[in-house]
Structures are given as structure tokens and as C-alpha cells.
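# Observations on the three-dimensional arrangement
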Amino acid sequence: MAPRATRIVMPATAKSGEIVRVRCLIQHPMVAGSTGPTGDGTSTTARNIIHTLTVSYAGADVFRADYQPGIAANPYTAFAFRAGASGDVVFTWSEDNGAVTTATRRLNVTP
Amino acid sequence: MVRSMIDHSSATNRAQPIRRDMVARPSRRDMVAGGIAACAYAVSPLVGWTQIAVAQTVPAKPLAQFETAWAELVQGRPLATGRLTLDIPRLAESGNSVSLKVAVASPMTAADHVQRIHLLSERNPIATIGRFHLTPSSGVAEVETSIRLATTQNVRAIAEMSDGTLQTASAEVVVLLGACLDPG
């Protein structure tokens, strides 16, 4: 399957100690799935959602979100972290069917 | 007013050549009247809806799965309020995507920071909506996301602080068109 489209809004540079605000989104239908009878009365749809987003910055985990079917389609999350040293911010979205989507953004920190 | 529009269409059906002045064009007054009638027609169902929605603001009882999820999470610990603010619209036309922001007043130092923020809904089929893990390096305890709500209900947020205490807040959202969320 084609890699999922993701969108990340994060400043490229920051001063050391400053709060960096990040907004990220991944394209996913977030199928809540249903165990009961659906339209044709027999078929059940399996749950297929992004269940976890983890964000690491310069090697250390700074944020993690556990999603449930109650999160809207194309899960959007905004969070923040404190800028320390220049490094890569790695976003990892993992899905129910095991697929993992990652995206990396470089943050240059000026002292 | 509507009659004049109907005459307009039948006048052009006759075989004879159409002369511009013969065709009864709706005058400006008809156009304005038509417009107002159209708007009145469009608004009337909305009025009905909002009456239904307003009537629903009597908080409906939380579902059983919310009570169990809440009890599992709180485990009898005391709940404090005041430091956690839950920012969510009071009225959501469609429950498919309701934007939400949770902010906790916390210095986010190693000694005193927010460890986890839980989002729960009282009347969604699955009570837990999401959980966010923060660390002292988060700097501020502010998270935004967009959630789905099946019907008018209270959305609850709980923040677990590093010293073990719980901060909580609740907000009611009137949902006009529920999100289709029916596992089972």
C-alpha cells in the first residue's frame, strides 16, 4: 500500500530552552469497526485505526498518544516540547494491521 | 408569487415564435418574494432541529461502559479540579470531527509534571477516546486533537500528575448529527 500521507507543522529552528509547538496529522479513515450486524446483517467490519503515535526528539521520547476509535478520521494532534539540542524529531504512527508510518523533521537549536 | 412563475413556463410552450415582450418575466418584486419564500422554506427544518437539540441539554445518563472505564482509571483516588481546562465547542453540528484542546496548569518540572492525560466520553460506544503521555521535556501540558462523538454527551478529561493526584474537568457537547460509531 502506498505510504500514508502525513502533514507536520513545526518550526525549523528554535532557541535552546524554548517551547516548540508541533501540529501533526496522518491520513487514515480510522474505521471503528463493528462486531454487530451491519448493513447486510451478517458482515462485521474489523477495526482498523492508528493506535499509537510516538514522537522522539534527539533520541529521547518526548510525546506519545494512544488513539481509540473515538479519535476522528485523519487523526490530528498538536503538542509541544522544549528545545534542547539540535536533532531529528521522528514521528511514528502505528496501525492495527501492523503498518508503521514514520516522518522525520530536523530541528536546529541555536543557543 | 409561485403562480406567476408557473405561468412563465407554460407561456413559452406554445408553437408561435417567442417575442421577448410576450414572455412574462418575473418582475423584481417577484424575484425578491421568491427569495424570501425560499429562505423561509430552508430555515424551517433547522428551527425544528435546534428545538430538539436544546431539549436534549438535560444531561443524559452515562453509559455502563463509561462507568467501568472511569472506575478502572480513577481507582477510588480523589479528583481535584481547577488546573485542567478542557476547551471543546458547546455545539457540534456533526459529531464526526469535534476539535478539542486540553491544557493543564503545571510547571512540567521533574518534581511536578503531568504524566498522562486521558479523554473519556460518557455516551460513545467505546468510552475511552485517547490517552496522551507527556514528560518533563514537554515544557507545557497542552494537547489538541479532534474526536468523534456519537451523540449529545459530556466529555471528560483526567490528568494524572507525577505526584499521583488527579486533575479532572468535564464539558458538555450538544451534537446535532452523531458520528456513526457502532462497534457492536
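Keep in mind the model is a prediction, meaning the values are calculated, not measured.

Let us look at the overall build of chain A. In terms of helices and strands, chain A carries zero helices and eight strands. The order of helices and strands in chain A, counted from the N terminus, is β-β-β-β-β-β-β-β. The C-alpha atoms of chain A give 17 Å as radius of gyration, which overshoots the globular expectation for 111 residues (13 Å, by more than 25%). By principal-axis analysis of the C-alpha atoms, chain A measures approximately 65 × 25 × 20 Å. Across the 111 residues in chain A, those meeting the buried criterion constitute 43%. Considering only intrachain contacts with a sequence separation of at least 6, the fraction spanning at least 24 residues in chain A is 58%. As presented, chain A carries roughly 5300 Å² of accessible surface, and 53% of it is formed by carbon and sulfur atoms. For chain A, the centre of its 10 positive side-chain charges and the centre of its 7 negative side-chain charges are spaced 10 Å apart.

Let us look at the nonpolar core. Of all hydrophobic cores here, the largest spans 54 residues; its most connected members are Phe63, Phe81, Phe91 and Leu107 of chain A. If we ignore the near neighbours within four places in the chain, the residues touching Leu107 of chain A are Met10, Pro11, Ala12, Thr13, Ala14, Val20, Tyr57, Phe81, Ala83, Ser86, Gly87 and Val89 of chain A. The next biggest cluster of nonpolar side chains, apart from the first, holds nine residues, and it includes Trp70, Leu73, Val74 and Ala127 of chain B.

Think of it this way: side chains of opposite charge can pair up when their charged atoms draw near. According to the stated counting rule, one finds 11 salt bridges over all chains in the structure shown. As a salt-bridge pair, Glu95 of chain A and Arg4 of chain A come within 2.6 Å of each other at their nearest N and O atoms. Highlighted residues: Glu95 of chain A in strand β7 (residues 87-95) and Arg4 of chain A in the segment before β1 (6-9), separated in sequence by 91 residues. In this structure, Glu95 of chain A and Arg4 of chain A share a single accessibility class: buried. The residue Arg156 of chain B makes a salt bridge to Glu122 of chain B at a minimum N-O spacing of 2.4 Å. Of this pair, Arg156 of chain B sits in strand β8 (residues 153-161) while Glu122 of chain B sits in the loop between β5 (114-121) and β6 (128-134), placing them 34 residues apart in sequence. Take Glu122 of chain B: its relative accessible area is 5%, and that puts it in the buried class. Via salt bridges that share partners, Arg21 of chain A together with Lys101 and Glu142 of chain B belong to a single interconnected network.

As a further point, take the sheet that holds β1 of chain A. Pairing within the open sheet is antiparallel, and its six strands lie in the order β1(A)-β3(A)-β6(A)-β7(B)-β4(B)-β2(B). Across the chains shown, the open sheet's two edge strands, defined by having one partner strand only, are β1 of chain A together with β2 (84-87) of chain B. Along the sheet, successive strands turn relative to each other by an average axial angle of 15°, direction set aside.

Tallied over the entire structure, the rule returns six aromatic pairs over all chains. The interplanar angle of 40° and the centroid separation of 4.8 Å between the aromatic rings of Tyr57 of chain A and Phe81 of chain A together place this pair among those described as tilted. On the criterion of sequence distance, the pair formed by Tyr57 of chain A in strand β4 (residues 50-57) and Phe81 of chain A in strand β6 (residues 76-82) is long-range, its members being 24 residues apart. Between Phe66 of chain B and Trp70 of chain B, the aromatic rings sit 5.5 Å apart at their centres with planes inclined by 35°, giving tilted as the arrangement.

What follows deals with the pairing of β7 of chain A. Residues and elements named next belong to chain A. The pairing of β4 with β7 spans seven bridges and is classified as antiparallel. Each bridged residue has a counterpart across the sheet, and for Tyr57 the counterpart in β7 is Val89. One ladder, built from eight bridges, connects β7 with strand β8 (residues 100-110); its direction is antiparallel. Its bridge partner lying in β8, Val89 is registered against Arg105. Taking the residues that link successive antiparallel strands as the turn, the β7-β8 hairpin has four residues, and the phi of Gly98 there is positive, at about 90°.

About the thresholds
- Residues numbered from 1 in each chain as written.
- Chains lettered and ligands numbered in written order.
- Predicted model: local features only at pLDDT ≥ 70, side-chain atom pairs only at ≥ 80, totals over all residues.
- Heavy atoms only, no water.
- Helix = DSSP H or I, 4+ residues; strand = E, 2+ residues; numbered from the N terminus.
- Rg over C-alpha atoms; globule rule 2.2 N^0.38 Å.
- Buried < 20%, exposed > 50% of the residue type's maximum accessible area, 1.4 Å probe, protein only.
- Contact = heavy atoms within 4.5 Å.
- Areas by Shrake-Rupley, 256 points an atom, 1.4 Å probe, with all protein chains shown as cover.
- Lys, Arg positive; Asp, Glu negative; His and termini not counted.
- Charge placed at Lys NZ, Arg CZ, Asp CG, Glu CD.
- Core = buried A, V, L, I, M, F, W, Y, C linked by side-chain atoms within 4.5 Å.
- Salt bridge = Lys/Arg side-chain N within 4 Å of Asp/Glu carboxyl O.
- Pairing = 2+ DSSP bridges.
- Axes fitted to C-alpha atoms, helices over the stretch in contact; angles between N-to-C directions.
- Phe/Tyr/Trp six-rings, centres within 6.5 Å; stacked < 30°, edge-to-face > 60°.

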